Amino acid sequence: MKVDVVLGLQWGDEGKGKIVDVLAQRYPIVARFQGGPNAGHSLHFEGTSFVLHTIPSGVFRKGTANLIGNGVVFDPIIFREEAEAIEALNVPIRERLVISKKAHLIVPTHRVLDAASEKSKGASKIGSTLKGIGPTYKDKTGREGLRIGDILAADFRDRYEALKAKHISQINNFGFEFNIDEQEKEWFDAIEYLKTFTLVDGEYYINQALGKSLRVLAEGAQGSMLDVDFGSYPFVTSSSTCCAGACIGLGVAPSKIGTVSGIFKAYCTRVGSGPFPTELHDEVGEDLRQKGHEFGATTGRPRRTGWLDLVALKYAIMLNGVDELIMMKADVLDTFETIKVATAYKVDGEITNQVPYDTYATVEPIYKEFKGWKKDLSQIRKEEDLPFEFMTYIRFIEEEVGVPVSIISLGPDREATIIREKIG
Ligand code: IMO
Ligand code: MG
């Protein structure tokens, strides 16, 4: 068996949580492979809403086991809040969740370092979620981090204190004021709580499952345009959000990757700083924000909004080897007279189909316009009931990018999902 991968093709917030929750019923295992509590994966079902930050989105499906992979950075405090809220819904989370010992721990001073670093950048700040993601990955690649498996070691406290001492000197270099006394206590309590969960060697767990013919669904966080290598550096997150990240973040060989499903919104959003060629600063952008409820699930920040960008989408499809597309939130465009899609960029007077290297380049999108469908899509459950104008829009996208759209999501609820025949 193989690992199928679901990941975001834009700047995050594509709707990964909803889709993983819908697909999880077909998979005995769902695994997160990168990112951490910077993610906010929203699920809506049976009148309940839930935002997951660390725990994979298969946790609400009976019969699905969930793995937090080694590639994830893990904040015990946030994990505890999330896990207790899930337990309060009578979900037997301890039976459904295992955690890789190799995942790195976010310590309170990582969060302080994130804040200190952002403050020092002034207007050129990244717009981080301030969850300590960057500093934790920095310590991981700098070979100084603490891993979940370390919590079982007799000298764990000493190792924590040594890391904290290094952090404090770095924070002092920033001249940043802080106090983590309360957080630290909460963090150590949360470490005790974490010890009551099943900690595993995730790479063996996954490969043994594949050996037993169990299907695995890997759930990406963030989006391809925030990838540390291929996103608009330095306005990116600190992990490999692309498909290759699933191999590293779970310990599976590239030959074990199965279907790659790429999620995109019918328009674009971005939260935080960095280039966004199709961004709208007018009332159309505001309309998208209000109708799409485009406010961060993790930070509550208003998201920047704009038209669908096929140059960026094709780039993400290329990087990930996307086999099928999942289109989200087309219903948000229901009332629009005209819908635009960027098909190319003009950079320094030249027309291009490539995402430019220069993050600071002035990019002018070239648009194709579509007539809006002006119908409520949110109640439609069958493909044949979709309006002609909508089908024209979706067929154009499929032709341009050369990948079929296999799922159309028309609302946040599990039920508002049309699963099409696989065309490819
Ligand atoms: P999900 O999984 C959208 C953005 C932040 C910031 C940049 C770096 O819900 O799609 P970081 O906290 O990682 O140092 O922030 O990345 N960002 C996200 N934007 N959705 C996310 O996750 C994000 N996670 C990080 O806003 O611009
Ligand atoms: Mg989010």
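So, here's what we can say about the structure. All values derive from a computational prediction rather than experimental measurement.

**Describing the side chain of Q34**
Structurally, the position occupied by Q34 is in the loop between β2 (29-32) and β3 (41-45). Within the structure, Q34 has its side chain in polar contact with the backbone nitrogen of A221 (distance 2.5 Å). Those residues within four positions of Q34 in sequence are excluded, and the remaining contacts are G71, V72, Y137, G220, A221, Q222, S239, S240 and T241.

**Comments concerning the nonpolar core**
M327, L333, F390 and Y393 are the most contacted members of the largest nonpolar core, which totals 60 residues. Ranked by residue count, the leading element in this core is helix α12 (residues 388-401), at 7 residues. Once residues lying within four places of it in the same chain are set aside, the contact partners of L333 are A266, Y267, L288, W307, I339, W373 and Y393. Counting 39 residues, the second largest nonpolar core, distinct from the first, contains F50, F60, I77 and L163.

**Concerning the site of ligand 1**
Around ligand 1 sit 20 residues in total, of which D13, K16, H41, T129 and T237 are the nearest. D13 places a polar main-chain atom, nitrogen or oxygen, 2.7 Å from an oxygen atom of ligand 1. The separation between an oxygen atom of ligand 1 and a polar side-chain atom of N38 is 2.9 Å. Against a free-state accessible area of 550 Å², the protein chains account for coverage of 97% of ligand 1.

**Describing the pairing of strand β11 (residues 257-265)**
The buried count for β11 comes to 7 of 9 residues, which makes it a mostly enclosed element. In terms of strand pairing, strand β1 (residues 3-8) meets β11 through 5 bridges, oriented parallel. Considered in β11, the bridge of L7 is made with G262. Alignment of β11 against strand β15 (residues 324-328), held across 5 bridges, turns out to be parallel. Considered in β15, the bridge of K265 is made with M328.

**Digging into the packing of aromatic side chains**
Given two aromatic rings, one states the distance between the centres and the angle between the planes to describe the pair. Within the structure shown, the criterion is met by 18 aromatic pairs. Between F45 and F60, the aromatic rings sit 5.0 Å apart at their centres with planes inclined by 50°, giving tilted as the arrangement. With F45 in strand β3 and F60 in the loop between β4 (48-52) and β5 (65-68), this pair connects stretches of sequence that are 15 residues apart. Overall, the relative accessible area of 9% leaves F45 in the buried class. Taken together, a centroid distance of 5.2 Å and an interplanar angle of 65° make the contact between F50 and F60 edge-to-face. Remark: F60 occurs in the loop between β4 and β5 and F50 occurs in strand β4; sequence separation between them is 10 residues.

**Thoughts on the packing of helix α11 (residues 310-320) against α12**
Relative to each other, α11 and α12 sit at 50°, their axes nearing to 10 Å. The angle between the axes of α11 and α12 places the two elements in the oblique class. Where α11 crosses over α12, the handedness of that crossing is right-handed. Across the interface between the two elements, L310, L313, K314 and I317 from α11 touch F396, I397, E400 and V401 from α12.

Basis of the calculations
Residues numbered from 1 in each chain as written. Chains lettered and ligands numbered in written order. Predicted model: local features only at pLDDT ≥ 70, side-chain atom pairs only at ≥ 80, totals over all residues. Heavy atoms only, no water. Helix = DSSP H or I, 4+ residues; strand = E, 2+ residues; numbered from the N terminus. Polar contact = N/O pair within 3.5 Å; in protein donor to acceptor, adjacent residues only side chain to side chain. Contact = heavy atoms within 4.5 Å. Core = buried A, V, L, I, M, F, W, Y, C linked by side-chain atoms within 4.5 Å. Buried < 20%, exposed > 50% of the residue type's maximum accessible area, 1.4 Å probe, protein only. Near = heavy atom within 4 Å. Areas by Shrake-Rupley, 256 points an atom, 1.4 Å probe, with all protein chains shown as cover. Pairing = 2+ DSSP bridges. Phe/Tyr/Trp six-rings, centres within 6.5 Å; stacked < 30°, edge-to-face > 60°. Axes fitted to C-alpha atoms, helices over the stretch in contact; angles between N-to-C directions. Parallel < 35°, antiparallel > 145°, perpendicular 65-115°, else oblique. Left-handed = near helix turned anticlockwise from the far one by under 90°.

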